[in-house]
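Each chain, written out:
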Amino acid sequence: MRPVDKQQLILYAAQVQAFNGTALDAPLGMVECVGMTNTLFNRAREKGYWHGAYTPPVQYSTQAKLGGECIGRAVWYTEQPEGSFLVLAPEGKRGWIIAHEVAHLLLMAGRPKHALFEGHGKEYAAVYIWAVSALFGIKWSNRLKRAFAEARVEAVCSLQED
Ligand SMILES: [Zn+2]
């Protein structure tokens, strides 16, 4: 089990506050999930935020947990022999969760394996805000920013919002 840090729980609560019950919370089909993921990686590549030669494929799990790596409603993996890939648990097939998970992969891009960084820290929050803006527009990233501000989740704004 990974230790759950306090920052992670605060960020989780803030994103639920921002997106729960909204259009971004609607359950999606697998084709839509793959489309959103590809769109997001393409936007990131255009911006220079993703240098990978490929877009990590999306897999769908029928289980809520995989290999003890369950992170809430979605699961993501990197550093597998075949490269990075994103695994979505049943409850993870929602727009805002895809933005959340892809933001993790973007944050890890170009870093040494096992580099130490805060999984849900300031840099992560900024990448997540960008991912929401790139996929859904500024109205939605502003909504997330407001929820972060209310919950005192800090974001280092290193990425230009779309
Ligand atoms: Zn996360």
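Here the structure is a predicted model, which means the values were calculated and not measured. Numbering of residues begins from 1 in every chain and follows the order in which that chain's sequence is written. Totals for whole chains, interfaces and linings use all residues, but because this is a predicted model, local features are given only for residues with pLDDT of at least 70 and pairs of side-chain atoms are given and counted only at 80 or more.

## Topic: the overall build of the protein chain
Numbered from the N terminus, helices here are DSSP runs of H or I no shorter than four residues, and strands are runs of E no shorter than two. Across its full length, the protein chain carries five helices and three strands. Walking the protein chain from its N terminus toward its C terminus, one meets helices and strands in the order α-α-β-β-β-α-α-α. A buried classification covers 38% of the 162 residues belonging to the protein chain. What counts as a contact is two residues whose backbone-derived C-beta atoms lie within 7 Å of each other. In the protein chain, the share of contacts with a sequence separation of at least 24, taken over all contacts with a separation of at least 6, comes to 72%. In this scheme the burial state of a residue depends on its C-beta neighbours within 10 Å: 20 or more other such atoms mean buried, 12 or fewer mean exposed, and anything in between means partly exposed; the C-beta positions come from the backbone.

## Description of helix 4 (residues 122–136)
Multiplying 1.5 Å by the helix residue count minus one yields the expected span of that helix. The end-to-end C-alpha separation of helix 4 is 21 Å, in line with the 21 Å expected for 15 residues at 1.5 Å each. Of all 15 residues that make up helix 4, 13 are buried, and the element is covered over most of its length. In the stretch just after helix 4, Gly137 is the one whose phi turns positive, near 100°.

## Looking at the packing of helix 2 (residues 30–47) against helix 3 (residues 95–108)
Note on geometry: axes are C-alpha line fits, over the in-contact stretch for helices, and angles between N-to-C directions span 0 to 180 degrees. Contact geometry of helix 2 with helix 3 gives a least axis separation of 10 Å together with a crossing angle of 40°. One finds that helix 2 runs oblique with respect to helix 3. Remark: the crossing between helix 2 and helix 3 carries right-handed chirality. Across the interface between the two elements, Cys33, Met36, Thr37, Leu40, Phe41 and Ala44 from helix 2 touch Gly95, Ile98, Ala99, Val102 and Leu106 from helix 3. Under the convention adopted here, Pro, Cys and the residues Ala, Val, Leu, Ile, Met, Phe, Trp and Tyr are nonpolar, Asp, Glu, Lys and Arg are charged, and Gly plus all remaining residues are polar. Taken together, the residues that form the contact of helix 2 with helix 3 break down as nine nonpolar, two polar and no charged. Roughly parallel covers angles under 35 degrees, roughly antiparallel covers those over 145, roughly perpendicular covers 65 to 115, and oblique covers all other angles. Two helices crossing with the near one rotated counterclockwise from the far one by less than a right angle form a left-handed crossing, whereas a clockwise rotation gives a right-handed crossing.

## Here we look at helix 5 (residues 138–151)
The end-to-end C-alpha separation of helix 5 is 20 Å, in line with the 20 Å expected for 14 residues at 1.5 Å each. The inward-facing, buried residues of helix 5 contact helix 1 (6–19) and helix 4. Where helix 5 ends, the next residue or the one after it, Arg152, has phi of about 60°, a positive value.

## Let's talk about the environment of Ser141
Residue position: Ser141 is located in helix 5. For the pair Ser141 and Tyr128, spaced 13 residues apart in sequence, the C-alpha to C-alpha distance is 8.7 Å.

## A closer look at the nonpolar core
To count as a nonpolar core, a set of buried Ala, Val, Leu, Ile, Met, Phe, Trp, Tyr and Cys residues must be joined through C-beta atoms within 7 Å. In this structure, Ala99, Val102, Ala131 and Val132 are the most contacted members of the largest nonpolar core, which totals 43 residues. Looking at this core, the elements with two or more residues in it are helix 1, helix 2, strand 3 (83–88), helix 3, helix 4 and helix 5. Of the residues forming this core, the biggest block, twelve residues, is contributed by helix 4. With residues near it in sequence (within four places) discarded, Ala99 still touches Leu40, Tyr128, Ala131, Val132 and Leu135.

## Focus: the environment of Gly92
Assignment of secondary structure puts Gly92 in the loop between strand 3 and helix 3. Between the C-alpha atom of Gly92 and that of Leu28, which follows or precedes it by 64 residues, the distance is 9.0 Å.

## Quick look at the confidence of the model for the protein chain
With 67% of its residues at a pLDDT of 70 or more, the protein chain has an overall mean of 78. pLDDT expresses, on a scale from 0 to 100, how confident the predictor is about each individual residue. Per-element confidence in the protein chain ranges from a low mean pLDDT of 51 for strand 2 (residues 75–80) to a high of 96 for helix 5.

## Comments concerning the packing of helix 4 against helix 5
It is the contact of helix 4 with helix 5, at a shortest axis distance of 7 Å, that shows an interaxial angle of 150°. If you check the angle between helix 4 and helix 5, you find them roughly antiparallel. In this structure, helix 4 contributes Ala125, Ile129, Val132, Ser133 and Phe136 to the contact, and helix 5 contributes Ile138, Trp140, Ser141, Leu144, Lys145 and Phe148. In terms of residue class, the contact of helix 4 with helix 5 is built from eight nonpolar, two polar and one charged.

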